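Coordinates in review
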Amino acid sequence: MTTPVKRAFKYRFRPTAAQAAELERTFGCVRKVYNLALDARATAWQRGERVNYNATSAMLTEWKRSDAFDYLNEVSCVPLQQSLRHLQTAFTSFWDKRTSYPRFKSRKKSRASAEYTKSGFRWRDGKLTLAKMAAPLDIVWSRPLPDGVEPSTVTVSRDSAGRWFVSLLCKDPTVEPLPKRKTTIGIDAGVTHLLTLSTGEKITNPRHELRDRERLAKAQRALARKQKGSANRAKARVKVARIHARIADRRHDHLHKLSTRLVRENQTLVIEDLAVGNMVRNRKLSRAISDAAWSHFRSMLEYKADWYGRKVIRVDRWFPSSKLCSTCGALQDTMPLNMREWTCACGATHDRDINAANNILAAGLAASVCGDDVRPQRNPPSGQSSVKQKTQPVRGEVLAL
Ligand SMILES: [Zn+2]
């Protein structure tokens with residue numbers, strides 16, 4: 001018997017003017033608390049002390065009592081506490097060398113969001129009311145929530161294009177493991193293609209991406225021509241943000257469909273790892289998929305593999321997947337980026353990316369057999385502990401699958 005998976009359902013919503021004002025205030029306070037706590041932690045660090053979550057929580061109580069930050073009392077305390085938890089998580093992944101040192105949140109650059117746990121919202125008859133609000137949110141139910149499902153955490157956000165979103169984290173009993181398959185696949189994040197599979201299939205960016213990019217460039221040029229501080233400039237900026245948002249949405253959608261398909265079709269999936277902490281950037285190697293999108297895609301593969309009883313294996317990113325002949329195993333000395341096809345001394349002719357995908361697959365399967373340097377599955381049978389297991393709950397987002 002498996003416990004239901006947690007998954008996030010994300011929707012647009014239309015706030016009233018009062019709700020929008022309340023949320024903007026909350027976003028501001030969430031950011032303020034995060035930055036204050038980050039500052040406190042950084043200062044303590046210089047003195048050789050560590051400040052943990054509980055200590056920042058006590059600080060929050062003090063800040064709320066002070067005249068300077070009196071305004072923190074105007075909003076719900078739940079998102080403020082959550083903000084401190086997020087900072088704790090950011091530090092944990094920094095200490096685990098998975099991310100760089102936490103940065104201050106800026107009003108302009110950071111995504112405006114607030115997270116509410118159970119005590120910060122009411123869920124009744126399919127209506128969601130947040131703390132400090134009289135009326136429920138007017139959610140656009142673009143797809144139904146499965147029957148009997150209730151949110152345990154709610155995240156409200158607004159993007160730079162001015163669109164409002166609410167994400168409901170729920171236990172979903174309708175997700176069940178799929179029947180086992182024998183197929184395995186290696187996935188290479190390509191230089192010219194989005195992804196290349198060991199089966200020989202090459203996946204490109206969605207067709208509209210290029211056109212959207214041209215529109216973006218045009219809108220950015222228009223923005224640059226507008227006078228600073230003018231109303232037209234503000235309008236042009238929103239236009240740029242809208243195009244950015246659309247590109248991101250479409251890419252997100254594309255990666256969702258792709259990851260669902262690959263997880264459904266294959267029992268074992270092998271991917272390249274990406275250690276953000278110690279990344280030695282090779283500037284020449286600009287991938288068709290950005291590092292951010294790639295890490296997002298891998299997390300999609302991983303949580304979906306968890307849902308459906310599949311396995312994802314990571315191999316070291318610096319494994320020489322392009323230089324190795326997948327037929328005879330000979331290592332080539334050099335492999336210039338512009339060499340798309342090559343012939344090995346053994347006589348085998350390779351497409352560069354397909355060869356790389358095959359090597360990734362072989363390395364993953366070999367490691368899996370030997371138990372060598374393999375990241376364990378996220379949910380080992382209870383009682384077993386695994387070294388590299390993540391402490392964070394798995395968070396899936398469901399968008400038009
Ligand atoms: Zn060879």
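The preceding data block contains the structure.
Presented here is an overview of the structure given in this document. As the structure is a computational prediction, the values presented were derived from the model and not from experiment. (Residues numbered from 1 in each chain as written. Predicted model: local features only at pLDDT ≥ 70, side-chain atom pairs only at ≥ 80, totals over all residues. Heavy atoms only, no water.)

Description of the pairing of strand β4 (residues 127-130)
- Note: strand β3 (residues 121-124) against β4, four bridges, orientation antiparallel. From the neighbouring strand, F121 faces β4, where its bridge partner is L130.
- Hairpin connection from β3 to β4: two residues lie between these consecutive antiparallel strands, with D125 at a positive phi of about 50°. (Pairing = 2+ DSSP bridges. Helix = DSSP H or I, 4+ residues; strand = E, 2+ residues; numbered from the N terminus.)

A word on helix α1 (residues 17-46)
- Spanning 30 residues, α1 covers 44 Å between terminal C-alpha atoms, matching the ideal 44 Å at 1.5 Å per step.
- Just downstream of α1, G48 is the residue with a positive phi angle, here 80°. (Expected span 1.5 Å × (residues − 1).)

Quick notes on the packing of aromatic side chains
- All chains considered together, the criterion is met by 11 aromatic pairs.
- On the numbers, 5.8 Å between centres and 65° between planes, the contact of F13 with W164 is edge-to-face. Remark: W164 occurs in strand β7 (residues 164-172) and F13 occurs in strand β1 (residues 5-14); sequence separation between them is 151 residues.
- The buried category is assigned to W164, whose relative accessible area is 10%.
- Put simply, the rings of F91, F94, W95 and Y101 touch in pairs and so form one group of aromatic residues.
- Across from the ring centre of W95, 4.3 Å away, lies the NZ or CZ of R50, which sits over that ring.
- Its end group placed over the ring of W164, R158 keeps NZ or CZ at 5.9 Å from the ring centre. (Phe/Tyr/Trp six-rings, centres within 6.5 Å; stacked < 30°, edge-to-face > 60°. Buried < 20%, exposed > 50% of the residue type's maximum accessible area, 1.4 Å probe, protein only. Lys NZ or Arg CZ within 6 Å of the ring centre and 35° of its normal.)

Notes on empty space enclosed by the protein
- The tally for this structure, following the rule as stated, stands at two cavities of 30 Å³ or more.
- By volume, the second largest cavity is sized at about 60 Å³.
- In terms of lining residues, the second largest cavity is bounded by R41, W45, E49, R50, V51, F91, W95 and Y101.
- Broken down by secondary-structure element, the contributors of at least two residues to the lining of the second largest cavity are α1 and α3 (77-95). (1 Å grid on protein atoms, 1.4 Å probe; cavity = no way out; pocket = protein on both sides within 12 Å on 5 of 7 lines; lining within 4 Å. Points joined across faces, edges and corners; volume = space filled by probe spheres on them.)

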